[in-house]
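Coordinate analysis (summary)
Here's the letter readout for the chains.
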Amino acid sequence: MDSKFYTTPAETFKEVILFFGGQPRTQAIGIASFGPLDLNEQSPNYGIITTTPKDGWANTDIVGSIANELKVPVAIDTDVNCAALAEQFYGAAKGLRNLVYMTVGTGIGIGCIIDNRTVHGTTHTEMGHMLIPHNTGDSFSGSCPFHRDCLEGLASGTPLQQRTGIVANELNDDSVWNLEAHYLAMGIVNIITFAMPEVIIIGGGVMNHPGLLEQVRQQVPELINGYLKISELKDFIVSPHLGSLSGVSGALVLASQLAAS
């Protein structure tokens, strides 16, 4: 991403601190952030962005920079985990204990909640970089600088543009969209066999293409090939109810949970 599309850490934190400084007393702050992040609360690097292609943001202490200035407790998770959390509290997964949220934009991020807890290991999951079979008829090598043809490298908005020279929201080549649906469906089958969620929510700008969600729904059972029985795909693979507000709404959930603890 070109640096003109985002601000530096210093610029960002200045605006955040000015905003909250002008509000009534804040009890807690929740942050939905891009990653990779250190989310181990026992780690000396908790709340730090570890590595990222965004210029100037690697090794940035997000939690410390805000907590030290505003003197309030701060909770943080990935933007996709927060989106999953918001959809569980307020949206498409309300009342469910097990869900996955996938966003398909310039990259692919996937958040997961199992038994009412966001999934963390040594750090957060990076399922957007799962390796999937490269279609034999697809000559594009993939856009991921680390893995080339992982899910993100084949099915995010970046490879769509690199394949065609056209941004996703202006692309009308059915053959490209059929391939896009195929790769997304393969990723979803992997998610199903790994997490067995009650619902999979798919958002992001790429999913605004007319008919793409339905194409994905059609291909998933073909790829599962009878191994698992999944009925009512229209209720199992769905769009987010909160739209672009999923991430920030999840950050509010984090803050409310922290304030109540």
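See above for the structure.
Heads up: these notes are all about the structure in this document. (Residues numbered from 1 in each chain as written. Predicted model: local features only at pLDDT ≥ 70, side-chain atom pairs only at ≥ 80, totals over all residues. Heavy atoms only, no water.)

Points about unusual backbone geometry
With omega at 5°, the peptide bond leading from glycine 35 into proline 36 counts as cis. By the element assignment, proline 36 lies in the loop between β1 (29-33) and β2 (48-49). If you check the backbone angles, aspartate 115 has positive phi at about 50° while not being a glycine. Locating aspartate 115 in the fold gives a position in the loop between β6 (108-114) and β7 (117-118). On the basis of relative accessibility, which here comes to 45%, the residue aspartate 115 falls in the partly exposed class. In this model, asparagine 225 sits at a positive phi of 55°, which is unusual for a non-glycine residue. Mapping asparagine 225 onto the fold places it in the loop between α7 (212-224) and α8 (233-236). (Helix = DSSP H or I, 4+ residues; strand = E, 2+ residues; numbered from the N terminus. Buried < 20%, exposed > 50% of the residue type's maximum accessible area, 1.4 Å probe, protein only.)

Description of the pattern of salt bridges
The final tally for this structure, using the stated rule, is four salt bridges. The salt bridge involving arginine 97 is made with aspartate 115; its shortest N-O contact spans 2.3 Å. Placement of arginine 97 in the loop between α3 (79-90) and β5 (99-104) and of aspartate 115 in the loop between β6 and β7 is noted, with a sequence separation of 18 residues between them. Across the salt bridge formed by lysine 234 and aspartate 235, the nearest N and O atoms sit 3.3 Å from each other. (Salt bridge = Lys/Arg side-chain N within 4 Å of Asp/Glu carboxyl O.)

Overview of the pairing of strand β4 (residues 74-78)
With five of five residues buried, β4 is to be regarded as a mostly interior element. Alignment of β1 against β4, held across five bridges, turns out to be parallel. By the bridge assignment for β4, serine 33 is matched with threonine 78. (Pairing = 2+ DSSP bridges.)

Structural notes on the side chain of threonine 60
Note that threonine 60 resides in strand β3 (residues 60-61). Dropping the residues within four chain positions of it, threonine 60 is found in contact with Pro9, Phe13, Gly47, Ile48 and Ile49. (Contact = heavy atoms within 4.5 Å.)

Re the packing of aromatic side chains
Enumeration according to the criterion identifies four aromatic pairs in this entry. Here the aromatic rings of phenylalanine 13 and tryptophan 57 are separated by 6.1 Å at their centres, their planes lie at 70°, and the arrangement is edge-to-face. Linking phenylalanine 13 in helix α1 (residues 9-21) with tryptophan 57 in the loop between β2 and β3, this pair joins segments that are 44 residues apart in sequence. In this structure, phenylalanine 13 and tryptophan 57 share a single accessibility class: buried. On the basis of an interplanar angle of 85° and a centroid distance of 5.1 Å, the ring pair of phenylalanine 19 and phenylalanine 20 is categorised as edge-to-face. (Phe/Tyr/Trp six-rings, centres within 6.5 Å; stacked < 30°, edge-to-face > 60°.)

Section: α3
Relative to the 16 Å expected for twelve residues at 1.5 Å per residue, α3 spans 16 Å between its end C-alpha atoms, a close match to the ideal helical length. For α3, the tally of buried residues reaches nine of twelve residues, placing the bulk of the element in the interior. Taken together, the buried positions of α3 are occupied by Val80, Asn81, Cys82, Ala83, Ala84, Leu85, Ala86, Glu87 and Gln88. (Expected span 1.5 Å × (residues − 1).)

A closer look at the layout of surface pockets
In this structure, the second largest pocket spans a volume of roughly 540 Å³. Taken together, 20 residues line the second largest pocket, and the ones lying closest to its centre are Glu41, Thr118, His120, Leu254 and Gln257. Elements that contribute at least two residues to the lining of the second largest pocket include exactly β4, α3, β7 and α9 (246-260). It is α3 that contributes the most residues to the lining of the second largest pocket, five residues altogether. Residues of the lining of the second largest pocket, tallied by class, amount to ten nonpolar, seven polar and three charged. (1 Å grid on protein atoms, 1.4 Å probe; cavity = no way out; pocket = protein on both sides within 12 Å on 5 of 7 lines; lining within 4 Å. Points joined across faces, edges and corners; volume = space filled by probe spheres on them. Nonpolar A, V, L, I, M, F, W, Y, C, P; charged D, E, K, R; others polar.)

Details of helix α6 (residues 174-195)
When the terminal C-alpha atoms of α6 are compared, their 31 Å separation across 22 residues agrees well with the 32 Å that a helix rising 1.5 Å per residue should span. Positive phi appears at methionine 196, one or two residues downstream of α6, with a value of about 45°.

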